[in-house]
Amino acid sequence: MAAARVRIQQADFDVGAELAALQAGRTDVGAVASFVGCVRGHTRADDVSAMTLEHYPGMTERAIEAMIVEAEARFGLQGAVVIHRVGRLLPGERIVLVAVTAPHRRAAFQGCEFLMDYLKTHAPFWKKEATPQGERWVDARVADDEALRRWGLASANAGVDADSGEH
Amino acid sequence: MKLTLKYFASLREALGAGGPLEWTPEAEPTAAALRAWLRAQSPAHAQALAPGRAVRVAVDQALADESVKLREGAEVAFFPPVTGG
């Protein structure tokens, strides 16, 4: 049986094996595009010694599956896989894989970017960074909402607290 | 009405993971009304769910507007803006 195309897991993944699996047994695939997101060891302000990812089990899988269905319809994708890790990750470790197949490169590039932009703003994951100043939840970025709006989708995930609380 | 309440990330740290909830709404049972009712439950709730805070809502595991009307048995989750990827 084929592995699920949306997987939330603590374990790392094998990018080469996942790309090969997308293409396995078919001769109609003309393009495979992928994105791998990794933990960075520093941000603008601080060193980051680790990152802990939390998610909403059930909703996460449903949300990403719906995104893939949308991407398939928009770009004529032939296949897709999204793997997102949760738990504690160290700098340099992989966080997320988005990979898609299509007959031609443009659809593959666009489908992959669309899925990442969608995931960043609508999949229920939360990152917490460990820094020398202590742990802190990562703020959502308005730029990520703007990225999704370029695809014609409404997005208002990021929002700063209106009271002068912690930021 | 019976609901299942869930909190995630910073809201989970402040208020716990949530659980079954028996709620008697005084008016339209919207997510906004539930959030307002929850604010009255403790000072921690009042702070974490304050009107100015960036809090997102999901109803039955789909992102929702706060104006959405809740139905009996719904799963309602409150959480901060998402930051995956």
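Not measured: the values here are computed from a predicted model. (Residues numbered from 1 in each chain as written. Chains lettered and ligands numbered in written order. Predicted model: local features only at pLDDT ≥ 70, side-chain atom pairs only at ≥ 80, totals over all residues.)

## Overview of the interface of chain A and chain B
Every contact between the two is made by 28 residues of chain A and, on the other side, 18 residues of chain B. Counting only elements with at least two residues in the side of chain A that touches chain B, the list comes to α2 (59–75), α3 (105–122) and β7 (125–131) of chain A. Considering every element that reaches the side of chain A that touches chain B, the biggest residue donor is α3(A), with five residues. Taken together, the residues of the side of chain A that touches chain B break down into 15 nonpolar, seven polar and six charged. (Contact = placed C-beta atoms within 7 Å. Helix = DSSP H or I, 4+ residues; strand = E, 2+ residues; numbered from the N terminus. Nonpolar A, V, L, I, M, F, W, Y, C, P; charged D, E, K, R; others polar.)

## Some remarks on the confidence of the model for chain B
With 100% of its residues at a pLDDT of at least 70, chain B reaches an overall mean of 97. Two numbers describe this predicted complex: its pTM, 0.94, and its ipTM, 0.95. (pLDDT = per-residue confidence, 0-100.)

## Structural notes on the packing of α2(A) against α3(A)
Residues and elements named next belong to chain A. Running from N to C, α2 and α3 cross one another at 150 degrees; their axes reach a closest spacing of 10 Å. By the angle class used here, α2 and α3 are roughly antiparallel. Once α2 is placed against α3, the crossing between them reads as right-handed. Note on element contacts: α3 touches α2 through A107, Q110, G111, F114, L115, Y118, L119 and H122, opposite A63, I64, M67, I68, A71, R74 and F75. For the contact of α2 with α3, the residue count by class is 11 nonpolar, three polar and one charged. (Axes fitted to C-alpha atoms, helices over the stretch in contact; angles between N-to-C directions. Parallel < 35°, antiparallel > 145°, perpendicular 65-115°, else oblique. Left-handed = near helix turned anticlockwise from the far one by under 90°.)

## Some words on α2(A)
Within an α-helix, residues lying three or four positions from one another point in the same direction, as the helix has 3.6 residues per turn. Residues and elements named next belong to chain A. The first and last C-alpha atoms of α2 sit 24 Å apart over 17 residues, in line with the 24 Å expected at 1.5 Å per residue. When we look at burial in α2, the residues that qualify are M59, T60, A63, I64, M67, I68, A71 and F75. Seen along its axis, α2 keeps its buried residues to an arc of 165 degrees; they face one direction. Turned more than 90 degrees away from the buried face of α2 sit V69 and A73, all of them exposed. In the stretch just after α2, G76 is the one whose phi turns positive, near 65 degrees. (Expected span 1.5 Å × (residues − 1). Buried ≥ 20, exposed ≤ 12 C-beta atoms within 10 Å, placed from the backbone. Arc of directions from axis to C-beta.)

## Some words on the environment of L77(A)
All names here are of chain A. Within the fold, L77 resides in the loop between α2 and β4 (79–85). For L77, a count of 24 C-beta atoms within 10 Å corresponds to the buried category. Taking the C-alpha atoms as reference points, L77 and G92, 15 residues apart in sequence, are found 30 Å from one another. Filtering out sequence-adjacent residues up to four positions away, L77 remains in contact with A71, E72, V100, T101, A102, A107 and G111.

## Remarks on helix α2 (residues 31–39) of chain B
Residues and elements named next belong to chain B. Turning to α2, its buried residues number three or more, namely A31, L34 and L38. All buried residues of α2 project into a common sector of 60 degrees when viewed along the axis, lining one side. Considering only its buried residues, α2 is in contact with α3 (43–48), β3 (56–59), β4 (62–64) and β5 (75–79).

## Focus on the sheet that holds β4(B)
Residue and element names in this part refer to chain B. With respect to topology, five strands assemble into an open sheet ordered β2-β1-β5-β3-β4, the strand pairing being mixed. Strand pairing shows two members of the sheet lacking a second neighbour, β2 (18–22) and β4, which therefore form its edges. When strand polarity is set aside, the average angle formed by the axes of neighbouring strands in this sheet is 30 degrees. Where strand β1 (residues 2–7) lies against β5, four bridges are found, and the strand directions are parallel. Bridge pairing in β5 links L5 to V76. Contacting β3, β4 and β5, α2 runs over the sheet at an angle of about 65 degrees to β5. (Pairing = 2+ DSSP bridges.)

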